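# A structural walkthrough
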Amino acid sequence: MKLKIAVLPGDGIGPEIMTQGVAVLDAIARKCGHQFDYEQALVGACAIEACGDAYPDATHDVCMRADAVLFAAVGDLKYDNDPTLKMRPETGLLAMRKRLGLYANVRPVATFDCLLHKSPLKEELLRGADFVVIRELTGGMYFGEKYQDNDRAYDTNVYTRPEIERILRVAFDMARTRRHHLTIVDKANVLASSRLWRQIGQEMEPLYPDVKTDYMFIDNASMRVLTEPRYFDVIVTENTFGDILTDETSCITGSMGLQPSASLGEHTPLFEPVHGSWPQAKGQNVANPLAQILSAAMLLEHFGLTREGTLIRQAVNASLDANVRTPEIQVAGGKTYGTKEVGQWIVDYIERA
């Protein structure tokens, strides 16, 4: 297969982990006879510095002519503590999602048996947890009307029927490919927007009689994700709730450096790790590249390259079992491996397979 991939390393540790993600894709291409062509572009703080826009038109053009986007992370300390700035690195991420029409963020959450001890949760709660969170990505407060002065501020949380219906279809369809259980998370006891979500969910239930559908308030869901993670199969929720809930799930995997994601919608699909840019670690060769590498696996699987995606996952699992790990997930007394070393080990595994 021939694929054209837009590569957006972004900021902080982004370029380091992206190097490893692309190296793994190249290893797969050599091993399995594919051709992956890359075109790199700027997004985030580096784009602001270069051209004054966190998501330049030139970057959008690169993304639109690609088959897929492989993205790393945006964010820089320079922009974090000045509330007067109108242009921030994260502005580029939101603009990219909006302009590409990426309304469905798919984040798998699964445990690795050899890393259960790294979670702050009890192992008996975690073992066997395997679910997917689907987050609506282009609506809600992040994109609603905003206002701020010295004494008053507001963010408007707006959702329309078409926006809700399309994300619920993704969730119902996903549940049909898994264990046929969907949990719709909202705050319908307080928020009008959530009541519309719940209403439309109930209207759509009869279209999916083979899916067990239940509803859960976000506060309850936030607790039960940590206390009963095996209860869930597919979770779907709105943008703000989804942002918080998916970061919370890092307590289940033991590290955000292990969680990939896909963002799907109207135009080019995007694949990215769920963690941030960790600017404090930039250039130190300590960042975990596994979420970036697993995002590359999701990219391949999206195009039907299941065998190739499985090979990457096998290589990642083998690296963990062999204790080839970056510092934040290494066992006590284990050998120190950096970003580059972990990536090279996985490349070598693929080439030997």
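Check the entry above for the structure.
In what follows, the accompanying structure is described. Just so we're clear, the structure is a prediction, and the values are computed from it rather than from any experiment. (Residues numbered from 1 in each chain as written. Predicted model: local features only at pLDDT ≥ 70, side-chain atom pairs only at ≥ 80, totals over all residues. Heavy atoms only, no water.)

## Considerations on the overall build of the chain
Here is the rule we go by: Secondary structure follows DSSP: runs of H or I at least 4 residues long count as helices, runs of E at least 2 residues long count as strands, and numbering of each begins at the N terminus. Two things to know: the radius of gyration comes from C-alpha atoms, and the globule rule equals 2.2 Å times the number of residues to the power 0.38. Here's how the labels work: a residue is buried when its accessible area is under 20% of the maximum for its type, exposed when over 50%, partly exposed in between, all with a 1.4 Å probe on protein chains only. Contacts: residue pairs with any heavy atoms within 4.5 Å of one another. For the charge count, each Lys or Arg is scored as positive and each Asp or Glu as negative, with His and the chain ends excluded. Throughout, a charge is located at the NZ atom of Lys, the CZ atom of Arg, the CG atom of Asp or the CD atom of Glu.
Across its full length, the chain carries 13 helices and 12 strands. A compact globule built from 353 residues should have a C-alpha radius of gyration of about 20 Å, and the chain, at 20 Å, falls within 12% of that. Overall size of the chain, expressed as C-alpha extent along the three principal axes, is 55 × 50 × 40 Å. Expressed as a percentage of the 353 residues in the chain, the buried residues total 53%. Within the chain, residue pairs in contact and separated by at least 24 positions form 76% of the contacts whose partners lie at least 6 positions apart. Once the 37 positive and 47 negative side-chain charges of the chain are each reduced to a mean point, those two points are 3 Å apart.

## Digging into the packing of helix H1 (residues 14-32) against helix H12 (residues 306-321)
The test is simple: Fitted lines through C-alpha atoms give the axes, limited to the stretch in contact for helices. The angle between two N-to-C directions lies from 0 to 180 degrees. By the definition adopted for this analysis, an angle is roughly parallel if under 35 degrees, roughly antiparallel if over 145, roughly perpendicular if from 65 to 115, and oblique otherwise. Here a crossing is called left-handed whenever its near helix is offset anticlockwise from the far helix by less than a right angle, and right-handed whenever the offset is clockwise.
Here H1 crosses H12 at 125 degrees, and the two axes come no closer than 11 Å. In terms of their interaxial angle, H1 and H12 are classed as oblique. Every pair of crossing elements has a handedness; the one defined by H1 and H12 is right-handed. On H12, the residues that touch Val24, Ile28, Lys31 and Cys32 of H1 are Arg307, Glu308, Leu311 and Ile312.

## With respect to the pairing of strand S9 (residues 212-217)
Going by this rule: Strands qualify as paired when DSSP identifies two bridges or more between them. Note on handedness: a clockwise path from strand one over the helix to strand two, with the strands aimed away from the viewer, defines a right-handed crossover.
Here strand S8 (residues 181-186) pairs with S9 via 6 bridges, running parallel. The residue bridging threonine 183 from the neighbouring strand is aspartate 214, located in S9. Once the chain exits S8 it traverses helix H7 (residues 192-204) before rejoining the sheet at S9, and the crossover so formed is right-handed.

## Topic: the pairing of strand S1 (residues 2-10)
Within S1, 7 of the 9 residues are buried, which leaves it mostly tucked inside the rest of the structure. The pairing of S1 with strand S2 (residues 35-40) spans 6 bridges and is parallel. Along S2, the bridge assignment pairs isoleucine 5 with tyrosine 38. Read as a crossover between parallel neighbours, the route from S1 over H1 to S2 is right-handed. Of the pairings in the sheet, the one linking S1 to strand S3 (residues 68-73) comprises 5 bridges and is parallel in character. Residue pairing for S3: glycine 10 is matched across the bridge by alanine 73.

## Thoughts on helix H6 (residues 161-176)
The condition is simple: How far a helix is expected to stretch is found by multiplying one less than its residue total by 1.5 Å.
The terminal C-alpha atoms of H6, which comprises 16 residues, lie 22 Å apart, in line with the 22 Å expected from a rise of 1.5 Å per residue. Here H6 has its buried residues at Glu163, Ile164, Arg166, Ile167, Leu168, Ala171, Phe172 and Ala175. Close packing links the buried residues of H6 with strand S4 (104-110), strand S5 (130-136), S8, H7, S9 and strand S10 (234-237).

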